[in-house]
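Structural overview
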Amino acid sequence: MAVTIGVLCCHYTNQAGEEDFQGIPGTVIVRRYPCSGHIEVADILRTFEEGAEAVLVAGCEAESCHNLSGSQRAEKKVQGARKILEEIGLEPERVRFAFLPRLDTGPFMEEVKKTFEIALTMKSKS
Amino acid sequence: MIVAERKPIRRVLEAIEPYQRVLVLGCRGCVAICSAGGDREVETMAAALRLARKRAGRPLETGEATLIRQCDPEYLAPLREWADKYEAVVSMACGVGVNLIADLFPEIRVYPGVDTTFYGANTALGEWQEKCRGCGDCILDLTGGLCPIARCAKNLLNGPCGGSQGGRCEIRPEVPCVWHQIYERLSARGELDRLMNFFPAKDWRPAGHGGPRDRIREDLKMDK
Amino acid sequence: MEPRSHLHRVLSEGHFAVTAEIGPPKSADGEVVRKKARLIKGYVDAANITDCQTAIVRMSSIASAVLVMAEGVEPVIQMTCRDRNRIGIQADLLGAAALGVKNLLCITGDHQKFGNHPEAKGVFDLDSIQLLDMVRRMRDEGKFMCGEDLTGARPEFFLGAAANPFADPFEFRVKRLAKKIAAGAEFIQTQIVYNVERFRKFMEMARDMGLTEKAYILAGITPPKSFGMARYMKYFVPGLDVPDEILKRMKEAKDKREEGINLAVEIIQQVREIPGVAGVHIMAIEWEEAVPEIVKRAGLHPRPLEAEVRPAVVVEVEKPVERVEVVAPPAEEVPEEAPPKVEIPVEAVKEVFSTVRSSIESLREGVNLLHDSLARLERALLGGEVVPAEVPEVPRVEVKVEERPPVEEKPVEVKEVPEEKEKEVVEEKKVEEEKPAEEVEARVEEKPAVEEKPPVEEKPEEKPAVEVREEKPAEKPPVEEKPAPPAEGVEIGSFSGEYRPLSERAAGLPEDLYKEPGTAFIREVEIGKGEKAFKVGGTNVLPFHLFEGEMRHEPRVAMEILDVKPENWPESLARYFADVLDDPAAWARKCVETYGAEALCIYLMGTDPNYLNLDAQHAREVVEKVAGAVDVPLIVWGSGHAEKDVEVLREVAEVVGDRGAVIGPVEEANHRTLGATAMGYGLPVVASSPIDVNLAKQLNILLENVGVALDKILMDPSIGALGYGLEYTYSVMERIRLAALYAQDDKLQVPFICNVGREVWKAKEAGLPSDETMGDQEVRGVLMEAITSVALALAGGDLFIMRHPKAIELTKLIIKELMQQN
């Protein structure tokens, strides 16, 4: 059972390379943005369109955002995406946001794994 | 500006249920400024529709475009070409745009993508408030520039009702009582006597109760 | 199921039901409602009580229903969505049910713009179908609209709805009916049926959908009261289908009311044959007394079941009042019998009295009818003269005749005033002072002539004999001689020279070089009715281009009179009418008999809100007097105040409806209401627009849209007098005429009416005194008026309203010569 997840994040939160994702038993669509504040609701929805069962949006911790409030905006966008998912009959928890320390792959991969678990649950439900 | 709000996606899905190819059409006028029907919202709406239909096993093809305005026949002209490529149009413009498309292109099936809500101002980031109701007979000269038609729940014209308490409206406490505001403003200007005049019953015809309204400027109108 | 009401019982037992309509009064007079109820009692199974029909404020339906119940008639209250929101409606319906009302008709209601408070905010919180649904839930589920429980007594209404088989889209009408039935309608009253074929189709579709099984359908029936009403319904009531055949029958019928009843009876008989029609709903609008006759003749009398109208609580309060009324008149006969009758139920006694009362009413109606017929007969025999009907006016006329000697003195006094003024201003007045003197002499000469007339006039009025007509021509010759005396001021010359036809002058040239007739004709509009009527329009060429086309009718002149004595007419004009200025009837007679006017324009200046603001009744009286005094065609010109004119001309139209009088001015602001008034009486209108081709056209289109035919329109382009924009008017009229004749602009193919007199005589120059630079005052004024008219005749004018007899003479002379080219 091939499971796909999406990861939308800013450059600073994700320095993970191919080998980091080796441990994930499925497909990971990774999109990096100059700043998570630039991630739009439509981008999140498109990732689901491409087959993701769950999507992680990650931005810098609130006080360390390069663009001051970029990651906070991203969090709001995730709320917007959740609302739309709900409207079209998908579980809102399929998309989640994480504030992450900059340039630290460890916590990032933790969130990716959590997202993958959610994806697995969702996939098995449907 | 005319303020609008995205329609629940479910409703839009129901409207376009039979179709495979749909054009989501935005407007760069009021609805773009109030973040309800501009480029971004078109993208979001189109993606949401496609996603929902994909999950339902009936994939949808969407086109996305945003016109400068939808309330002007001139800017709607490109629709004539696009109409052949799509079975339906979801207009993200205010109701005016939907109506005008329906008027001009009887063959196009057009559905609203937003709910048109009111004439309002962008009072804070992400916040809009109703300020005018387009009643066709402006009385702002008499009320210190604050409109009791749009901003009083009972459209009162002769001062605040008994539900005005501490400058707040009884309908919702977060809403200020506009008559209280008018009172304070005119009071500060020493123009309170204005409020003492009896304001006779309003003629509601210019407000639309006399049927659909139009406006003609003879000096601009060309014969045929 | 136990029937919810008497009407329900009649229908459920399979009887062919009859309902009628009672329109409550525009007052607090309950007797009006009671009287209407008594009229139809025993002839109907229930009566609808309208709820401010056509959005005109009337006594409330529910209150009227209580009065109707007291008379033993079962009411069907009507509830519209226009005036109350869901809170008000639910509250009122609970009240109505508590008062004993059993039937309810749910309708959306006419839009407020059609009524007498068009500025009102329409509620329309619900529509009729939502209303039905709401009431059904209250009754069957015991729920208010919000979902809360209605504990205790529920409003047990027999629910009805309206349906219009004649509105568009036709196919949807039956579906909408189905929606209403699904929402709760148990009986249906339809729009008035005149087109039985279409109704038959509608019923067929209703049967196919099984609707006739689910609801009782009552066909709407209205007897047309007059030809005007039938025509009004055809052209002005949206969603009403009146076939031409009906119009034709009403037009040709001698007794319109009789024919109206016949039509209603025939339609009842026809719809009765249509399967699924459960009854009829007779809406005799403001003519309730026709209902019993129709019911009887349709074979629907007596009604099958006795109504058990349970009087509501309120009625008991009323009873004592009733007793006082009833007992009082028969007091002489009854007192002795009264004691033994104690055992007889009060209801029965009331019944008896109510019957007697309605018999008396019928008698009174009969007597009134006799009066009307008598008046009509007299009018017919006397050739349109309303003399007998206005007997009281005769003495008035006589009084004025007696007053005339003093009136003679007045002009002399008036004369002195200008003289004094002149003295104050300029001193070079030797010549002028002589002139007035001459004029006074001239007037002295005139007066005997004027005095001779009154005795002559008195004769016909004293003799309401059939011979009056024959006497008149005999009087006319002396009348025709009279124009001579007042002619002293200005002399009208004549044309000299000889006309050489163009064909002669252009001999040798091919005709198509100089001939270019228009591609269409201006419509012909008939002014007035009867012998003196004439037509204007009917040309396909530019004015007087008789060499290349046709002018079927020459331009005409109507003489203007005012409803009040004019204050600022220059002496040179006023002196011709000095003896009649304060009596419109005498003034009219003078215009016709002395100056040979072929039409009159009554300018209702006094009704202007910015002037005297006289009311519609005043206008009516003036127009009645004038109409009674002369038989030439009339034009009635309102104050020009859009709102006031609606009120005034509505009243006037009633008086001149059968005279074919022209009414106006109709503007964009009042075209709907005045257009409707004019159509109701078949009158032509003056369509006034401010000197602009497009505005003139637009107004014609608007009028046509509301149903006024183009051949009932005269265009008033708003003219300017000589020196006051004449050339502007000329050019606009010329452009309109060119568009009409050569550019196929059919909306402009309408004759022009030009209100010249008013514009000229208000000009400063018309009133300036005589002096060397300006010349003689009267000659100046006459020329200004005549030149304005002739110039506009050359631009296409068809009908002119003028004031000065000499100016008219001159204008007509020129027109006559211009018309004699061939």
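Counting of residues starts from 1 at the beginning of each chain's written sequence and follows it residue by residue. For naming, the first written chain is A and the first written ligand is 1, with later ones following in the order written. Side-chain atom pairs in this predicted model are given and counted only at pLDDT of 80 or more, local residue features only at pLDDT of at least 70, and totals for whole chains, interfaces and linings cover all residues.

An unreviewed UniProt entry lists chain B under the name Methylene-tetrahydrofolate reductase C-terminal-like domain-containing protein, with Thermosulfurimonas dismutans given as the organism.

**Quick notes on the overall build of chain A**
Helices and strands together make up the secondary structure of chain A, namely four helices and four strands. Where helices and strands are cited, they refer to DSSP runs of H or I of at least four residues and of E of at least two residues respectively, numbered from the N terminus. Taken from N to C terminus, the helices and strands of chain A fall in the order β-α-β-α-β-α-β-α. Field definition: a residue is buried when 20 or more other C-beta atoms are found within 10 Å of its C-beta, exposed when 12 or fewer are, and partly exposed for counts in between, with C-beta atoms placed from the backbone. Split into buried and exposed, the 126 residues of chain A put 45% on the buried side. Of the contacts made within chain A by residues no fewer than 6 positions apart, 68% connect residues no fewer than 24 positions apart. Each residue is represented by a C-beta atom placed from its backbone, and any two residues with such atoms within 7 Å are regarded as in contact.

**Description of the overall build of chain B**
Regarding its fold elements, chain B presents 10 helices and seven strands. A buried classification covers 33% of the 224 residues belonging to chain B. Considering only contacts in chain B between residues 6 or more positions apart, those separated by 24 or more positions represent 57%.

**Describing the pairing of strand β6 (residues 114-124) of chain B**
For a regular strand, the rule is simple: side chains alternate between the two faces of the sheet. Residue and element names in this part refer to chain B. A pair of strands is labelled paired if DSSP reports no fewer than 2 bridges between them. Bridge count between strand β1 (residues 2-6) and β6: five bridges; the pairing is antiparallel. By the bridge assignment for β6, I2 is matched with Y119. Across five bridges, β6 lies against strand β7 (residues 127-132) in antiparallel orientation. The residue of β7 that forms the bridge with N122 is W128. Counted along the chain from β6 to the antiparallel partner β7, the turn is two residues long, and its residue G126 has a positive phi close to 75°.

**Thoughts on the packing of helix α5 (residues 128-141) of chain C against helix α6 (residues 170-183) of chain C**
Residues and elements named next belong to chain C. Orientation is described by axes fitted as lines to C-alpha atoms, over the contacting stretch for helices, and by angles from 0 to 180 degrees between their N-to-C directions. At a minimum axis distance of 8 Å, the contact between α5 and α6 shows a crossing angle of 20°. As judged from the angle between their axes, α5 and α6 are roughly parallel. Classified by chirality, the crossing of α6 by α5 is right-handed. Along its contact with α5, which presents I129, L132, D133 and R136, the element α6 presents K179, K180 and A183. In these notes the angle categories are as follows: under 35 degrees is roughly parallel, over 145 is roughly antiparallel, 65 to 115 is roughly perpendicular, and the rest is oblique. What makes a crossing left-handed is the near helix being turned counterclockwise from the far one by less than a right angle; a clockwise turn instead makes it right-handed.

**Notes on the sheet that holds β7 of chain B**
All names here are of chain B. Taken in spatial order, the three strands of this open sheet run β1-β6-β7, and their pairing is antiparallel. A single partner strand is all that each edge strand has here, and the edge strands are β1 and β7. Each neighbouring strand pair of the sheet contributes to a mean axis angle of 70°, computed without reference to strand direction.

**Examining helix α2 (residues 41-49) of chain A**
One turn of the α-helix equals 3.6 residues, which is why residues spaced by three or four share an orientation. Most of α2 of chain A is tucked away, with eight of its nine residues classed as buried. For α2 of chain A, every residue scored as buried is listed here: V41, A42, D43, I44, L45, R46, T47 and F48 of chain A. Looking at the buried residues of α2 of chain A, the elements they touch are β1 (4-10), β2 (27-33), β3 (54-60), α3 (70-87) and β4 (95-100) of chain A together with α3 (39-55) of chain B.

**Considerations on the interface of chain B and chain C**
Across the boundary between the two partners, chain B contributes seven residues, which contact seven residues of chain C. In terms of residue class, the side of chain B that touches chain C is made up of one nonpolar, three polar and three charged. Under this grouping Gly is polar, as are all residues other than the nonpolar Ala, Val, Leu, Ile, Met, Phe, Trp, Tyr, Cys and Pro and the charged Asp, Glu, Lys and Arg.

**A few points about the interface of chain A and chain B**
On the chain B side, the residues contacting the 11 residues of chain A number 13 residues. Listed by contribution, the elements that provide at least two residues to the side of chain A that touches chain B are α2 and α3 of chain A. Of all the elements, α2 of chain A adds the most residues to the side of chain A that touches chain B, at six residues. Classifying every residue of the side of chain A that touches chain B gives seven nonpolar, no polar and four charged.

**Some words on the nonpolar core**
In these notes, a nonpolar core means any group of buried Ala, Val, Leu, Ile, Met, Phe, Trp, Tyr and Cys residues linked to one another through C-beta atoms within 7 Å. The biggest cluster of nonpolar side chains holds 203 residues, and the ones touching the most others in it are A47, V291, L600, I602, V626, V636 and V685 of chain C. At nine residues, helix α29 (residues 777-795) of chain C tops the list of elements feeding residues into this core. What fixes the domain bounds is an automatic or database domain assignment. Here this core gathers at least three residues from each of two domains, domain 1 (6-216) and domain 4 (502-512 + 526-819) of chain C. Setting aside residues up to four positions removed in sequence, V636 of chain C forms contacts with I602, L604, V623, L649, V652, V656, A661 and I663 of chain C. Residues C9 and V28 of chain A together with V12 and V22 of chain B belong to the second largest nonpolar core, which totals 79 residues.

**Remarks on the sheet that holds strand β5 (residues 110-112) of chain B**
Residues and elements named next belong to chain B. The strand order across the open sheet formed by four strands is β3-β2-β4-β5, and the pairing between neighbours is parallel. Looking at the sheet topology across the chains shown, the edges are occupied by β3 (61-67) and β5. Going from strand to strand, the sheet's axes swing by 25° on average, the running direction of each strand aside. In terms of strand pairing, strand β2 (residues 21-27) meets strand β4 (residues 88-91) through four bridges, oriented parallel. Residue pairing in the sheet places V24 in a bridge with V90 of β4. Running at roughly 170° to β3, α3 makes contact with β2, β3 and β4 of the sheet. Helix α6 (residues 95-104) contacts β2, β4 and β5 of the sheet and is inclined by roughly 170° relative to β5.

**Some details on the confidence of the model for chain B**
Summary of the metric used: pLDDT quantifies the predictor's per-residue confidence within the range 0 to 100. Per-chain confidence: chain B averages 92 in pLDDT, with 100% of residues scoring 70 or above. Two summary scores accompany this predicted model of the complex, namely pTM at 0.54 and ipTM at 0.89.

**Things to note about the packing of helix α23 (residues 642-656) of chain C against helix α24 (residues 671-681) of chain C**
Residues and elements named next belong to chain C. Running from N to C, α23 and α24 cross one another at 5°; their axes reach a closest spacing of 10 Å. Comparing the axis directions of α23 and α24 gives the class roughly parallel. When α23 is examined against α24, the residues D645, V646, L649, R650 and A653 are found in contact with a partner set consisting of T673, L674, T677 and Y681. Of the residues belonging to the contact of α23 with α24, the class tally is five nonpolar, two polar and two charged.

**Section: helix α8 (residues 178-188) of chain B**
Residue and element names in this part refer to chain B. The set of residues buried in α8 consists of V178, W179, I182 and Y183. Along the axis of α8, the buried positions cluster into a sector of 140°, meaning they face one direction only. Among the exposed residues of α8, those pointing more than 90 degrees away from its buried face are S187 and A188. Residues of α8 that are buried sit in contact with α7 (148-151) and α9 (193-196). In the segment just after α8, G190 is the residue with positive phi, at about 70°. What the arc covers is the set of directions going from the helix axis to the C-beta atoms.

**Examining unusual backbone geometry**
All names here are of chain C. Note that the residue after H301, namely P302, is joined by a cis bond; omega there is 0°. Considering the arrangement of structural elements, one finds P302 in the loop between α12 (290-297) and α13 (313-327). Unusually for a residue other than glycine, A55 sits at a positive phi of about 60°. Inspection of the secondary structure assignment puts A55 in the loop between β2 (46-49) and α3 (61-70). Judged by the 22 C-beta atoms lying within 10 Å of it, A55 is buried.

**Let's talk about the environment of G26 of chain A**
Residue and element names in this part refer to chain A. Inspection of the secondary structure puts G26 in the loop between α1 (18-21) and β2. Residue G26 is classed as partly exposed on the basis of its C-beta count, with 15 C-beta atoms lying within 10 Å. Along the primary structure G26 and A2 are separated by 24 residues, whereas in three dimensions their C-alpha atoms are 5.7 Å apart. Those residues within four positions of G26 in sequence are excluded, and the remaining contacts are A2, V3, T4, I5 and F116.

**Here's the deal with the pairing of β4 of chain B**
All names here are of chain B. Bridging between β4 and β5 involves three bridges; their strand directions are parallel. Paired with V90 across the strands is Y111, a residue of β5. With strands facing away from the observer, any crossover in which the path from the first strand over the helix to the second runs clockwise is taken as right-handed. After leaving β4, the chain enters α6 and then returns to the sheet as β5, a path that is right-handed.

**Comments concerning the environment of K102 of chain C**
Residue and element names in this part refer to chain C. Summarising the element assignment, K102 is placed in the loop between α4 (86-98) and β4 (103-106). In this structure the C-alpha to C-alpha distance between K102 and E74, which are 28 residues apart in sequence, comes to 8.1 Å. Residues contacting K102, with those up to four places away along its chain left out, are R4, S5, E74, F157 and F158.

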